[in-house]
Amino acid sequence: GPSPRRSHKSWPLPEVAGSFAFTKGEKFLMGFASGLSWWDPEKPNELVKICDYEPGLNTRPNDGKCDRQGNFVIGSYNNNHREDKLNIAGLWRLGAKDLSLQEILDYRFRCSNTIAFSPSGDEVYFCDTPTKAIYKFKYSPTGALTDKTLFYQMPDEEPGGPD
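I will try to describe carefully the structure that is included in this document. As the structure is a prediction and not an experimental result, all values here were calculated from the model. (Residues numbered from 1 in each chain as written. Predicted model: local features only at pLDDT ≥ 70, side-chain atom pairs only at ≥ 80, totals over all residues. Heavy atoms only, no water.)

### Concerning the pairing of strand β5 (residues 59-66)
We count it as follows: Partly exposed residues are those whose accessible area sits between 20% and 50% of the maximum for their type, while under 20% is buried and over 50% is exposed, using a 1.4 Å probe and protein chains only. Every helix listed is a DSSP run of H or I at least four residues long, and every strand listed is a run of E at least two residues long, numbered separately from the N terminus. Criterion used throughout: strands pair if DSSP finds at least two bridges between them.
The buried count for β5 comes to six of eight residues, which makes it a mostly enclosed element. Judged from the six bridges that link them, β5 and strand β6 (residues 72-78) form a sheet pairing that is antiparallel. The residue bridging Arg60 from the neighbouring strand is Tyr77, located in β6.

In structure tokens:
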């Protein structure tokens, strides 16, 4: 039979966005270069800042996902990682209830990607793309990540990286 009609919308953004999350209502939670903000497409040039993001570092928000409790887990991107190769980016969780930003990984990296949760929500997957390694961690909606184990190592001879 005929396929259902689908619609889509697009909006110009006020600055570079690394990720977003849907919220109740019309606003989005955005990981903008200037920090984490509420953004309403009906008022595209107005940002309501939640918090700064890694102030003083040459980073920006990158990959982000919500856990089952509505917390936003978001990783960073070293804007100059291809040249300086510095591990200065962090992995964070924005609390759904209190909007506090907590660093949840005990080491720094270059380029966050592949954030994903297990169906049960008690494990999270994460990759620092230049390493080509995806790791699995035990996840708690209130604590730091623990029990790091290698989930997948992309062969060096393969082009690209997990994204």
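Next comes the rest of the write-up.
### Considerations on the nonpolar core
The tendency in soluble globular proteins is for nonpolar side chains to be buried side by side. Stated precisely, the cut-off is as follows: Buried residues of nine kinds, namely Ala, Val, Leu, Ile, Met, Phe, Trp, Tyr and Cys, make up a nonpolar core once their side-chain atoms join them within 4.5 Å. Only heavy atoms enter the contact rule, under which two residues are in contact if any of them lie within 4.5 Å.
By size, the foremost hydrophobic cluster in this structure holds twelve residues: Val73, Ala89, Leu91, Ile104, Leu105, Phe109, Ile115, Val124, Phe126, Phe137, Tyr139 and Leu145. Not counting residues within four places of it along the chain, the set of residues in contact with Phe126 comprises Leu91, Leu105, Tyr107, Phe109, Ser112, Asn113, Thr114, Ile115, Ala133, Ile134, Tyr135 and Phe137. Of all hydrophobic cores here, the second largest spans ten residues; its members include Leu29, Phe72, Trp92 and Leu94.

### Quick look at the sheet that holds β6
Just so we agree on the cut-off: Here an angle of 0 to 180 degrees is reported between the N-to-C directions of two axes, which are lines fitted to C-alpha atoms, with helices fitted over the stretch in contact.
With respect to topology, four strands assemble into an open sheet ordered β5-β6-β7-β8, the strand pairing being antiparallel. The open sheet has two free edges, formed respectively by β5 and β8 (101-103), since each of these has just one partner strand. Within this sheet the neighbouring strands show an average axis-to-axis angle of 30°, counted without direction. Relative to strand β7 (residues 91-94), β6 is paired through four bridges, and the arrangement is antiparallel.

### A look at the state of the cysteines
Here is the rule we go by: To count as a disulfide, a pair of cysteine sulfur atoms needs to be within 2.5 Å.
By the definition in use, this model includes zero disulfides. This cysteine, Cys51, is not joined by any disulfide, and Cys66 carries the nearest cysteine sulfur, 14 Å off. The exposure class assigned to Cys51 is buried, which follows from its relative accessible area of 16%. Cys111 supplies the cysteine sulfur nearest to Cys127, a cysteine that is in no disulfide, at a spacing of 8.1 Å. Judged by its relative accessible area of 0%, Cys127 is buried.

### Comments concerning the packing of aromatic side chains
Here is the rule: Only the six-membered ring of Trp is used, alongside the rings of Phe and Tyr, when aromatic pairs are assigned; centres must lie within 6.5 Å, and planes under 30 degrees apart are stacked while those over 60 apart are edge-to-face, with the rest tilted. Criterion for a charge above a ring: Arg CZ or Lys NZ at most 6 Å from the ring centre, at most 35 degrees from the ring normal.
Per the stated rule, a full pass over the model turns up ten aromatic pairs. Seen from their ring centres, Phe20 and Phe22 are 5.3 Å apart, and the 85° between their planes marks the pair as edge-to-face. Overall, Phe20 belongs to the partly exposed group, its relative accessible area being 42%. Among the residues examined, Phe22 registers a relative accessible area of 66% and is labelled exposed. Taken together, the ring pairs in this structure connect Trp11, Phe20, Phe22, Phe28 and Trp39 into an aromatic cluster. Cation over ring: Arg60 sits above Tyr77, and NZ or CZ is 4.3 Å from the ring centre. Stacked on the ring of Tyr135, the Lys or Arg Lys148 has its end atom at 4.2 Å from the ring centre.

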